[in-house]
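Each chain is listed here by its residues.
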Amino acid sequence: VSTMGYYSSIPTQQQVRGLHMSHPQIVADPTIMMGKPCIKGTRITVELILRKLGAGQSFAELIVAYPQLKESDLRAALAFAADYLEHETVLAAE
């Protein structure tokens, strides 16, 4: 009996660059946060926002904790992450 597993590959650099162009509030600069996607004008990464929301923090709590953020920034981070995952390739492995 064989079990089937799955693994994924992350989007290419070209695909990621295209994502930044469609999300102007999200920028990736190699000199800021090692090139991780951040909210424009901040050092707040999309990853940090996703982790905080995943841990149960609300938009309101994040905006209080990071007053430079706006609700539109948080929504842009979520949209960027969704688009990033949309370009992920999932391959079946046996």
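Residues numbered from 1 in each chain as written. Predicted model: local features only at pLDDT ≥ 70, side-chain atom pairs only at ≥ 80, totals over all residues. Heavy atoms only, no water.

A.B. asks: Sorry if this is basic, but what is going on with the nonpolar core here?
C.D. replies: Nonpolar side chains tend to gather and get buried jointly when the protein is soluble and globular. By size, the foremost hydrophobic cluster in this structure holds 13 residues, and its most contacted members are Ile26, Ile39, Ile49 and Leu74. Of all the elements in the fold, those that place two or more residues in this core are helix 2 (46-54), helix 3 (59-65) and helix 4 (71-86). With 4 residues, the top contributor of residues to this core is helix 4. If sequence neighbours within four positions are ignored, Leu74 has contacts with Ile49, Phe59, Leu62, Ile63 and Leu69. (Core = buried A, V, L, I, M, F, W, Y, C linked by side-chain atoms within 4.5 Å. Buried < 20%, exposed > 50% of the residue type's maximum accessible area, 1.4 Å probe, protein only. Helix = DSSP H or I, 4+ residues; strand = E, 2+ residues; numbered from the N terminus. Contact = heavy atoms within 4.5 Å.)

A.B. asks: Quick question: what am I supposed to make of the environment of Thr31 here?
C.D. replies: Following the sequence through the fold, Thr31 ends up in the loop between strand 2 (26-27) and strand 3 (38-39). With a relative accessible area of 65%, Thr31 lands in the exposed category. Within the structure, Thr31 has its side chain in polar contact with the side chain of Asp29 (distance 2.7 Å). (Polar contact = N/O pair within 3.5 Å; in protein donor to acceptor, adjacent residues only side chain to side chain.)

A.B. asks: Help me out: how do you make sense of the environment of Lys52 in this one?
C.D. replies: With respect to the helices and strands, the residue Lys52 is situated in helix 2. By relative accessible area, which is 27% here, Lys52 ends up partly exposed. In this structure the C-alpha to C-alpha distance between Lys52 and Leu62, which are 10 residues apart in sequence, comes to 7.8 Å. What Lys52 contacts, discounting residues up to four positions off in sequence, is Gln57, Leu62 and Tyr66.

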